[in-house]
Amino acid sequence: MYEVLTLLSLITIGLSGLLILTGLVLIKLGKREWHKKAMLTASFLALIFVILYLIKSSIYPPKKYMGEHKELYFFILWSHTILAIINFPLAVYTVYLGLKEKFEKHRKIAPITAMVWIYVAVTGWMIYFFLH
Ligand code: HEM
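This structure is a prediction, so every number in the text was calculated from the model and none was measured. (Residues numbered from 1 in each chain as written. Predicted model: local features only at pLDDT ≥ 70, side-chain atom pairs only at ≥ 80, totals over all residues.)

Visitor: How should the overall build of the protein be read in this particular structure?
Guide: When helices and strands are tallied, the protein shows four helices and zero strands. Reading the protein from its N end, one meets helices and strands in the order α-α-α-α. Each principal axis of the C-alpha atoms in the protein carries an extent, and together these give about 45 × 30 × 25 Å. Relative to all contacts within the protein whose residues are 6 or more apart in sequence, the contacts with residues 24 or more apart total 71%. (Helix = DSSP H or I, 4+ residues; strand = E, 2+ residues; numbered from the N terminus. Contact = placed C-beta atoms within 7 Å.)

Written out as structure tokens, the structure reads:
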């Protein structure tokens, strides 16, 4: 069960990050409808990730890092956790602005959201590799 939850978490956060990258390329190409689809799917997958994460951490205690790069590990773990929390309201607001067609504001905040999102996805995978 632990392994299944971990694998599903990695897949959902990874695909979510890749879809954000795809969405960025799509909007640069002027494909607004496809940008919207990619970003909404990325948001849905991120939500699944959060649910899986909450289930996992309510059943199992956190895994301890036993390697030699403790400082680097904790920097990545903490920055990942803090930015993941910040990303939640950022994402909700960015999607809201997009759906309400407030594109002027959307264009200002969305690059920050996208960067934070990708950082959280990449560091999520890094933490997995640190622990395994
Ligand atoms: C996680 C959610 C989203 C992120 C991270 C995101 C990211 C971005 C970014 C970075 C840009 C600016 C591109 C540039 O200036 O070159 C942009 C523009 C745009 N986004 Fe999103 N987006 C998201 C969701 C949505 C949604 C749900 C819609 C729904 C319609 C949408 C519609 C648009 C449109 C139409 C533009 C072009 C605005 C313009 O050029 O005036 N976005 N988005």
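Visitor: How should I be thinking about helix H1 (residues 2-28) in this particular structure?
Guide: Each α-helix turn comprises 3.6 residues. Residues three or four places apart therefore point the same way. An ideal rise of 1.5 Å per residue puts 39 Å on 27 residues; H1 measures up with 39 Å between its terminal C-alpha atoms. Listed as buried for H1 are Ser 9, Thr 12, Ile 13, Ser 16, Gly 17, Leu 19, Ile 20 and Gly 23. Buried-residue contacts for H1 involve helix H2 (32-59) and helix H4 (103-131). Phi turns positive, to about 80 degrees, at Gly 30, one or two residues after H1. (Expected span 1.5 Å × (residues − 1). Buried ≥ 20, exposed ≤ 12 C-beta atoms within 10 Å, placed from the backbone.)

Visitor: In this structure, what is going on with the environment of Arg 107? I would like to understand it.
Guide: With respect to the helices and strands, the residue Arg 107 is situated in helix H4. Measuring from C-alpha to C-alpha, the distance between Arg 107 and Leu 97 comes to 9.1 Å, with 10 residues separating the pair along the chain.

Visitor: What am I meant to see in the environment of Met 39 here?
Guide: Relative to the elements of secondary structure, Met 39 occurs in helix H2. Residues Met 39 and Gly 23, 16 residues apart in the sequence, show an inter-C-alpha distance of 5.9 Å. Once residues within four sequence positions are removed from consideration, Met 39 is found in contact with Gly 23, Val 95 and Gly 98.

Visitor: Teacher, can you tell me more about the site of the ligand here?
Guide: Taken together, 24 residues surround the ligand, and among them Lys 36, Met 39, Gly 98, Phe 103 and Ala 110 come closest. Broken down by secondary-structure element, the contributors of at least two residues to the shell around the ligand are H1, H2, helix H3 (70-99) and H4. Counted by class, the shell around the ligand contains 13 nonpolar, seven polar and four charged residues. (Near = placed C-beta within 6 Å. Nonpolar A, V, L, I, M, F, W, Y, C, P; charged D, E, K, R; others polar.)

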